[in-house]
Amino acid sequence: MKNKALIVIANEKVHEANNNFYCERHDEKSIPEGLSKYNETHYLVRNSNKKGTHKINIKNIIISKNFFSFLYAVIKTLKIPDPNYLLISITPLTFFSFIILFFFKKKTYVYLRSNGHEEYKYILGSWSVGIYHFMYKIVTACSKVIVCDHRLYDKNKSYLVLPSKLDNRWLSKNKPVLLNEIRFLYIGRINPEKGILKFIEMFKDLKLNAKLSIVSKSKIFNEKNNNIKFLGHGFDTETLINIYDNHNIIILPSFTEGHPQVVIEALSRKRPVIIFEEISHIIKDRKGIFISKRNTTDFSKIVVHIIKNYNDIQIEMKQNQLPTKDEFFHKINEILKSNH
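This is a predicted model, so every value here is computed, not measured. In this convention, every chain numbers its residues from 1, walking through the sequence in written order. For a predicted model such as this one, the threshold for reporting local features is a pLDDT of at least 70, and the threshold for listing and counting side-chain atom pairs is 80 or more; totals across whole chains, interfaces and linings nevertheless cover every residue. In computing side-chain values, all of the structure's heavy atoms are included and hydrogens and water are not.

### Observations regarding the overall build of the protein
Working definition: helices are DSSP H or I runs of at least four residues, strands are E runs of at least two. Numbering for both runs from the N terminus. A count of helices and strands for the protein gives eleven helices and 15 strands. To get the radius of gyration, use the C-alpha atoms; to get the globule rule, take the number of residues to the power 0.38 and multiply by 2.2 Å. For 340 residues, the compact-globule formula gives about 20 Å, and the C-alpha radius of gyration of the protein, at 21 Å, lands near that figure. Considered along the principal axes of its C-alpha atoms, the protein spans approximately 60 × 45 × 40 Å. A total of 340 residues make up the protein; the buried ones form 53% of that total. Contacts are assigned to residue pairs with any non-hydrogen atoms lying within 4.5 Å of each other. Residue pairs at least 24 apart in sequence account for 69% of intrachain contacts in the protein once pairs closer than 6 positions are excluded. A gap of 3 Å separates the mean positions of the 53 positive and 32 negative side-chain charges of the protein. Throughout this description, buried means an accessible area under 20% of the type-specific maximum (1.4 Å probe, protein chains only), exposed means over 50%, and partly exposed covers the range between. We score Asp and Glu as negative and Lys and Arg as positive, and we do not count His or the chain ends. Where a charge lies is defined by one atom per residue type: Lys uses NZ, Arg uses CZ, Asp uses CG and Glu uses CD.

### Observations concerning the nonpolar core
A general trend in soluble globular proteins is that nonpolar side chains are found buried together. Of all hydrophobic cores here, the largest spans 51 residues; its most connected members are Phe-184, Phe-199, Leu-212, Ile-214, Tyr-244 and Phe-299. Definition of nonpolar core: a set of buried residues of the types Ala, Val, Leu, Ile, Met, Phe, Trp, Tyr and Cys, connected through side-chain atoms within 4.5 Å. Formed by 29 residues, the second largest nonpolar core is a distinct cluster that contains Ile-9, Val-74, Phe-98 and Val-145.

### Some details on the packing of aromatic side chains
Each pair of aromatic rings taken from Phe, Tyr and Trp, with Trp reduced to its six-membered ring, is defined by centres within 6.5 Å and is described as stacked if the planes are under 30 degrees apart, edge-to-face if over 60, and tilted in the remaining cases. Counted under the stated rule, the structure contains 17 aromatic pairs. Ring centres 5.6 Å apart and planes at 85 degrees place the aromatic pair Phe-67 and Phe-68 in the edge-to-face group. What makes Phe-67 partly exposed here is its relative accessible area of 34%. Connected via pairs of aromatic rings, a cluster forms that spans Phe-67, Phe-68, Phe-95, Phe-96 and Phe-134. Sitting over the ring of Tyr-22, Lys-51 keeps its end group 4.3 Å from the ring centre. Cation placement over rings: the criterion is NZ of Lys or CZ of Arg within 6 Å of the ring centroid and within 35° of the ring normal. Over the face of the ring belonging to Phe-255 we find Arg-294, whose NZ or CZ atom lies 4.0 Å from the ring centre.

### Details of the layout of surface pockets
Taken as a whole, the second largest pocket spans an internal volume of roughly 240 Å³. Mapped by element, the contributors of at least two residues to the lining of the second largest pocket are helix 5 (129-141) and strand 8 (144-147). Ranked by residues supplied to the lining of the second largest pocket, first place goes to helix 5 with four residues. Taken together, the residues of the lining of the second largest pocket sort by class into six nonpolar, two polar and four charged. A cavity here means a set of points on a 1 Å grid, drawn over the protein atoms and nothing else, where a 1.4 Å probe fits but cannot get out; a pocket is an open set with protein on both sides within 12 Å along at least five of seven lines, and a residue lines either one if it has an atom within 4 Å of a point. Grid points are joined across faces, edges and corners, and a volume is the space filled by probe spheres set on the points. In this classification, the charged set is Asp, Glu, Lys and Arg, the nonpolar set is Ala, Val, Leu, Ile, Met, Phe, Trp, Tyr, Cys and Pro, and all remaining amino acids, among them Gly, are polar.

### Notes on the environment of Tyr-186
Position of Tyr-186 relative to the elements: it lies in strand 10 (residues 182-187). You can call Tyr-186 buried: its relative accessible area is 1%. Each C-alpha atom, one on Tyr-186 and one on His-247, is 10.0 Å from the other, the two residues being 61 residues apart in sequence. Discounting chain neighbours no more than four positions away, the residues touching Tyr-186 are Lys-194, Ile-196, Leu-212, Ser-213, Ile-214, Val-215, Ile-251 and Pro-253.

### Looking at the pairing of strand 14 (residues 273-276)
Alternating positions in strand 14 separate into two faces, Val-273 and Ile-275 on one and Ile-274 and Phe-276 on the other, with burial throughout. In terms of strand pairing, strand 13 (residues 249-252) meets strand 14 through three bridges, oriented parallel. Note that in strand 14 the partner of Ile-250 across the bridge is Val-273. A crossover counts as right-handed when, viewed with the strands pointing away from the observer, the path leading from the first strand over the helix to the second turns clockwise. In this region the chain leaves strand 13, passes through helix 8 (residues 261-268) and returns to the parallel neighbour strand 14; the handedness of that crossover is right-handed. The criterion for strand pairing is that DSSP finds at least two bridges linking the strands in question. Relative to strand 15 (residues 289-292), strand 14 runs parallel, the two sharing four bridges. Across the sheet, Phe-276 pairs through a bridge with Ser-292, a residue of strand 15.

### What about the side chain of Thr-41?
Inspection of the secondary structure puts Thr-41 in strand 3 (residues 39-47). If near-sequence neighbours (up to four positions away) are discounted, Thr-41 is found in contact with Leu-6, Val-8, Pro-32, Leu-35, Ser-36 and Asn-60.

### Topic: the pattern of salt bridges
When a carboxyl oxygen of Asp or Glu lies within 4 Å of a side-chain nitrogen of Lys or Arg, that pair is called a salt bridge. Scanning the model with the defined rule gives 16 salt bridges in all. Of the charged contacts in the structure, one is a salt bridge between Glu-181 and Arg-183, with a shortest N-O distance of 3.5 Å. In this structure Glu-181 comes out as buried when scored by relative accessible area, which is 14%. The network of salt bridges with common partners includes Glu-12, Arg-25, Glu-28 and Arg-113.

### Overview of the packing of helix 3 (residues 92-103) against helix 5
Running from amino to carboxyl end, helix 3 crosses helix 5 at an angle of 35 degrees, the nearest separation of the two axes being 10 Å. Of the two possible hands of crossing, helix 3 and helix 5 adopt the one that is left-handed. Contacts between helix 3 and helix 5 involve Pro-92, Phe-95, Phe-98 and Ile-99 from the former and Phe-134, Met-135, Ile-138 and Val-139 from the latter. Of the residues assigned to the contact of helix 3 with helix 5, the class counts are eight nonpolar, no polar and no charged. As a rule, the C-alpha atoms of each element are fitted with a line to give its axis, helices using only the stretch in contact, and angles between N-to-C directions run from 0 to 180 degrees. Take the far helix as your reference; a near helix turned counterclockwise from it by less than a right angle gives a left-handed crossing, and one turned clockwise gives a right-handed crossing.

### Remarks on a nonpolar patch on the surface
On the surface, a cluster of nonpolar side chains totalling about 520 Å² of accessible area is made up of Tyr-122, Ile-123, Leu-124, Trp-127 and Ile-131. Among the elements that line the nonpolar patch, the one with the most residues is helix 4 (residues 116-124), at three residues. Relative to the elements of secondary structure, Trp-127 occurs in the loop between helix 4 and helix 5. You can call Trp-127 exposed: its relative accessible area is 59%. A patch consists of residues whose relative accessible area exceeds 30% and which take part in no salt bridge; residues with like charges are grouped when within 9 Å of each other, and nonpolar side chains (Val, Leu, Ile, Met, Phe, Trp, Tyr) when within 5 Å. Only the protein chains shown count as cover for residues, and all accessible areas are computed by the Shrake-Rupley method using a 1.4 Å probe.

### Some thoughts on unusual backbone geometry
The backbone of Asn-19 shows a phi angle near 65 degrees, a positive value even though the residue is not glycine. In this fold, Asn-19 is placed in the loop between strand 1 (3-17) and strand 2 (20-23). Judged by relative accessible area, Asn-19 falls into the exposed class, the value being 64%. Not every positive phi belongs to a glycine, and Asp-82 is a case in point at roughly 45 degrees. Mapping Asp-82 onto the fold places it in the loop between helix 2 (67-76) and strand 6 (84-88).

Structural data, given as structure tokens:
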């Protein structure tokens, strides 16, 4: 039997076509779908004119075309008997939704996937950090807080969960690695805070026999380097696993991260990951993650070390205890249940 209703409020865009719903990012579908196994889930989102590659397999999706119709949709949910409300991240849209819910004394949870202070700084500039902090202080003071970044965790004020998309397919037998050339893989958005544009400039200066593959919705136009290839986006799980297996080093050049899924996925396929100093906090006690300074000399030394010691590194990586998708959603559901 499912728990009481759960209203998920997100600053995400969803496209409707023939009573089916589509989104661009996997997280936009995985969170409401995963929680719908435990709760009668309603998903409040913004409208997208473009059909995404991921179909969302839940029924109660409410799409709003503008800011005010979104807030009106939030107000309409007040008719639902005694629901829980889960805000995904803190944005102006989720902040004003919270203000409405607070006024009507509704129970709210907020799920913070990353350090918003850092993201606002890299996306909008330093001036925006104060605005975010204002919203952050108000929302977190009056909500149950769920975090996936140890830096945001306070045992007296929040709950720590470890997001994951891993299932048995990710954890099955790994494909043997090819080491005849260096095959870098980047999976993620082409955004300033992700650092991929700066990494591409570094990659062009490397004196290594290397190729770079990029999995992303966005494509860097006018890129004519034959050693850089855009693979596309929106792949199903089996195809994505095969892409990991066909590369030997995963690159995460971000300036800010909370609990990046690409690292968990790479480690599940026994593929080493190189990150840079700004996000060294994500390593924790996991094997197979290497920190580089953001220059070609240090980066090249680490790459050579990985290739020369690949088998030993893979053996060490077997020690990793990786979270699974089922564990992630079970933990969030237990948090919701414990605070009924």
